[in-house]
Amino acid sequence: MSVFEAERLLFTPATPKPDATPVIFAFPNEYSVGITSLGYQIVWATLAVRSDLAVSRLFTDVQESLPAQPELLGFSLSWELDYVNIFNLLESFNLPLRAADRAAAHSNLLIFGGGPVLTANPEPFADFFDVILLGDGEFLLDAFIDAYQQVRHADRQTKLHHLAQVPGVYIPSLYAVTYDGPEGVIQSIQPIAPNIPAQVQKQTYRGNTLSASTVVTEKAAWENIYMVEVVRSCPEMCRFCLASYLTLPFRTASLEGSLLPAIERGLQVTNRLGLLGASVTQHPEFEELLDHLNQPQYDEVRLSLASVRTNTVTEKLAQILVKHDTRSITIAVESGSDRLRRIINKKLTNEEIIQAAIHAKAGGLSNLKLYGMAGIPGEEPEDLEQTVTMLKAIKKAAPGLRLTFGCSTFVPKAHTPFQWFGVNRDAEKRLKFLQKQLRPQGIDFRPESYNWSVIQALISRGDRRLSHLLERVRHYGDSLGSYRRAFKELRGQLPDLAFYVHDEWSTEQTLPWSHIQTALPAATLIKHRQTAMAEGRSGEFGLGETMPVAIG
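Since the model is a prediction, treat every value here as computed from it, not as a measurement. Numbering of residues begins from 1 in every chain and follows the order in which that chain's sequence is written. This being a predicted model, a pLDDT of at least 70 is required before a residue's local features are given, and a value of 80 or more before pairs of side-chain atoms are given or counted; all residues contribute to the totals for chains, interfaces and linings. The side-chain values count all of the structure's non-hydrogen atoms but skip hydrogen atoms and water molecules.

**Details of the pattern of salt bridges**
Think of a salt bridge as a Lys or Arg side-chain nitrogen and an Asp or Glu carboxyl oxygen that are within 4 Å of each other. The final tally for this structure, using the stated rule, is 34 salt bridges. Across the pair Arg302 and Asp325 runs a salt bridge whose closest N-O atoms are separated by 3.2 Å. In this pair, Arg302 sits in strand S16 (residues 302-305) while Asp325 sits in the loop between helix H11 (315-323) and strand S17 (328-334), placing the two residues 23 residues apart along the sequence. Its relative accessible area of 36% is what places Arg302 among the partly exposed residues. Working definition: with a 1.4 Å probe on protein chains only, accessible area under 20% of the residue-type maximum means buried, over 50% means exposed, and in between means partly exposed. The class for Asp325 is partly exposed, based on a relative accessible area of 44%. Here Arg529 ties to Glu504 by a salt bridge, and the two come within 2.7 Å at their closest N and O atoms. Placement of the pair is Arg529 in helix H20 (residues 522-538) and Glu504 in the loop between helix H19 (497-501) and strand S21 (516-517), with a sequence separation of 25 residues. Its relative accessible area of 9% is what places Arg529 among the buried residues. Connected through salt bridges with shared partners, the residues Asp136, Glu138, Glu229, Arg232 and Arg251 form a single ionic network. Every helix listed is a DSSP run of H or I at least four residues long, and every strand listed is a run of E at least two residues long, numbered separately from the N terminus.

**Observations regarding the nonpolar core**
Core analysis: the biggest nonpolar cluster contains 158 residues, and Phe125, Leu275 and Phe405 have the highest contact counts within it. Dropping the residues within four chain positions of it, Leu275 is found in contact with Val228, Val230, Val280, Phe286, Leu289, Leu293, Leu303, Ser304, Leu305 and Ala306. Definition used in this section: a nonpolar core is a set of buried Ala, Val, Leu, Ile, Met, Phe, Trp, Tyr and Cys residues joined via side-chain atoms within 4.5 Å. Counting 12 residues, the second largest nonpolar core, distinct from the first, contains Phe240, Ile343, Phe410 and Ala532. Residues are treated as being in contact if the distance between any of their heavy atoms lies within 4.5 Å.

**Examining the packing of helix H9 (residues 255-266) against helix H10 (residues 286-293)**
Helix packing for two helices is described by the angle between their axes and how far apart those axes are. Structural elements are reduced to axes, namely lines fitted to C-alpha atoms, with helices fitted over the stretch in contact, and the angle between N-to-C directions of any two is expressed from 0 to 180 degrees. Packing of H9 against H10 brings their axes to within 12 Å, and their N-to-C directions diverge by 30°. When the axis of H9 is compared with that of H10, the two are roughly parallel. In this structure, the crossing between H9 and H10 has a hand that is right-handed. Contacts from Leu255, Leu259, Leu260, Ile263 and Glu264 in H9 reach Glu288, Leu289, His292 and Leu293 in H10. Ten residue types, Ala, Val, Leu, Ile, Met, Phe, Trp, Tyr, Cys and Pro, are classed as nonpolar, four, Asp, Glu, Lys and Arg, as charged, and the remainder, Gly among them, as polar. Tallied by class, residues from the contact of H9 with H10 come to 6 nonpolar, 1 polar and 2 charged. If an angle is under 35 degrees, it is roughly parallel; if it is over 145, roughly antiparallel; if it lies from 65 to 115, roughly perpendicular; otherwise it is oblique. Crossings are classed by handedness, with left-handed meaning an anticlockwise turn of the near helix from the far one by less than a right angle and right-handed meaning a clockwise turn.

**Some points on helix H18 (residues 480-489)**
If you check which residues of H18 are buried, you get Leu480, Ser482, Tyr483, Ala486 and Phe487. In a view along the axis of H18, the buried residues occupy a sector of 155°, so they form one face of it. The inward-facing, buried residues of H18 abut helix H3 (83-92), helix H16 (450-460), helix H17 (466-476) and H19. The directions considered for the arc are those from the helix axis to the C-beta atoms.

Given below as structure tokens:
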């Protein structure tokens, strides 16, 4: 049986019309990973229910029957380093990587992309795509396809100019970027024609019917899981957090109108349910949802929860999760330092974190997973010591509860108040300090690779000049050493690694994504940044005006 035959669909694909537009929709990773992406599932289903499209799916390891001459080839990009697989897939079709090189020989093919990586900062990848879709797909996707069908048989430039009029559709080739010299900052990002909008507005769906799985399969990375989006965005607005700032405003699915009907549909085909969202327990009717799932007819349902808000971890929540085959719960604490939590706007106390652990153990959970961060702007060594003290206190307060502390390095993200800060050069040492202090305490410390954080920051704050670097790196491997080698070879053609990764940027400079509008304007982000700096200065360990700790 093929992986596609194992699928149980929760929608009915349309029968394509004879003149339907041939489309390939790809996920640049293996099938088991791609089909577990709720975003990929939703976009595929949205395309497949249209009779004016004939849609085939493509993954790195399997594919459906593909059209000989597709008109649209789309990619859903969820992880930065999957760009290498996009390059490989394009070359498997004998297609040039760069949009400009495809214009003549492949004029009837448009390559489009979407997903969180491209919505946050499309610029490092801009030269490879004809079209980039920015934002939520609920309305954007159909608007894009409708506009394409209007000019389907027109020449390439007419298509691109027409599509650029659709809100949320970004055509990189229609914007010119100028720099203050090859190694300088961006001077301007301007449309090349008067009919092209100067700003591209990320599209935001504001309804209360959120996403749910369109397919369930045993071949998914999370076997047979049916996923339901409970909330979108997060009301906490931690100042480093892309998941909050990029997706504002915070929206909740209607319990009666969306969540419960979606859950009933899914449980017709599986008994494994995943509740998704940046902060699912902050849904205003979450307690009612829990009570609903705690009824006897759902006793066999296996329940998984995404990260939850610390002060919503109750003994009742833990008991219900245990009853439904969940043994652990995950909360993001970032730090044990009250001062640092004020800087990042993490409205949380150590007492609340300890209480969550006590409730988790009392309810029968066996493992508590905590997420933290090193190298937060304004961080001092004393803040790390307070994190160690907090974790020791948790272990003492809830003996027998397995404690896992996953810790990443702060990475600046576009469209957040901390986008101007760089990666702390001392972060790797600080991860090692935490490891040395925590592992003897019986705490399972799991640091994210510092080198991977550097690469992530490079792509997160990159501009179009990185395109030549990305082309080279793919042949060298995905290690940090490969990126350093490519920077050395391209010296004089783009800024150095430190400019993108470690330097603190001026709030006056034009950012690579300055022409992309999201929920909050730059002036508001600057105010939030200033508030963070004021919090740092008010603490015991003063924070300088330029936050030097943040940039090493």
